[in-house]
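# Observations on the three-dimensional arrangement
For reference, the chains in residue letters:
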Amino acid sequence: HRPALRKMLCHSVLVQFMQDRRQALGLNAGQTPLWLWEAKRAQDHSAAGHVSSLVKYLAETELHMAIGPERRTTFPGSMPMAWAAKPLKTERRRLEEHWESMGERLRAKRLEEDVFIRAFLDG
């Protein structure tokens, strides 16, 4: 049952993230706050039931959306994906390298999956 629970939790986390970002950015329900490659990566973590990886990925994505000079002004649909992909991915890599050098990279942090599962089950 645990793998199914992880997938349910991941799905819930991803849905809540998307709703929160839509609201924060003033988007309507039909607009996505994530570029296709960002959404695909999040969906891959979710489908695999990788709770900690998904949470870390979404947290770093939210940081990128908030502090990345290009990402905070370039929204999905604002330009062709082919034009946006390279500069946005490069910007993200630079931020990740900076976080890594400062010892603040979330991917490197250990998150206890059971904490998320308990919180999910508690409502």
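See above for the structure.
The paragraphs below set out a description of the structure included in this document. Being a predicted model, the structure only gives us computed values, none of them experimental.

### Concerning the environment of Ala47
- Positionally, Ala47 belongs in helix α2 (residues 36-48).
- Expressed as a C-alpha distance, the spacing of Ala47 and Arg6, which sit 41 residues apart in the sequence, is 9.2 Å.

### Digging into the side chain of Arg21
- Tracing the backbone through its elements, the reader meets Arg21 in helix α1 (residues 2-25).
- The contact partners of Arg21, leaving out residues within four places of it in the chain, are Pro33, Glu62 and Met65.

### A closer look at the pattern of salt bridges
- Under the defined criterion, the tally for this structure stands at 5 salt bridges.
- For Arg21, the salt bridge identified is with Asp20, shortest N-O distance 3.0 Å.
- Residue classification places Asp20 among the partly exposed positions, given a relative accessible area of 36%.
- Ionic pairing is found between Glu62 and Arg21, a salt bridge with its closest N-O pair at 3.4 Å. Of this pair, Glu62 sits in helix α3 (residues 51-67) while Arg21 sits in helix α1, and the two are 41 residues apart along the sequence.
- The exposure class of Glu62 is partly exposed, given its relative accessible area of 31%.

### Looking at the packing of aromatic side chains
- Considering all chains together, one arrives at 1 aromatic pair under this definition.
- A ring pair is formed by Trp35 and Trp37, whose centres lie 5.4 Å apart and whose planes are at 15°; its orientation type is stacked.
- A residue is classified by how much of its surface remains accessible, and Trp35, at 3% relative accessible area, is buried.
- Using a relative accessible area of 19% as the deciding quantity, one classes Trp37 as buried.

### Quick word on α3
- For α3, with 17 residues, the first-to-last C-alpha span of 24 Å sits near the 24 Å given by 1.5 Å per residue.
- Among all positions in α3, only Val51, Ser52, Leu54, Lys56, Tyr57, Leu58, Glu60, Thr61, His64 and Met65 are buried.

### Brief notes about the side chain of Arg71
- Here Arg71 is to be found in the loop between α3 and α4 (81-101).
- One polar contact links the side chain of Arg71 to the main-chain carbonyl oxygen of Pro33, over a distance of 2.7 Å.
- Setting aside anything within four residues of it in sequence, one finds Arg71 in contact with Pro33, Leu34, Trp35, Glu38, His64, Met65, Pro76, Leu88 and Glu91.

Each value, and the rule that gives it
- Residues numbered from 1 in each chain as written.
- Predicted model: local features only at pLDDT ≥ 70, side-chain atom pairs only at ≥ 80, totals over all residues.
- Heavy atoms only, no water.
- Helix = DSSP H or I, 4+ residues; strand = E, 2+ residues; numbered from the N terminus.
- Contact = heavy atoms within 4.5 Å.
- Salt bridge = Lys/Arg side-chain N within 4 Å of Asp/Glu carboxyl O.
- Buried < 20%, exposed > 50% of the residue type's maximum accessible area, 1.4 Å probe, protein only.
- Phe/Tyr/Trp six-rings, centres within 6.5 Å; stacked < 30°, edge-to-face > 60°.
- Expected span 1.5 Å × (residues − 1).
- Polar contact = N/O pair within 3.5 Å; in protein donor to acceptor, adjacent residues only side chain to side chain.

These results come straight from atomic positions and should not be treated as a statement about function.
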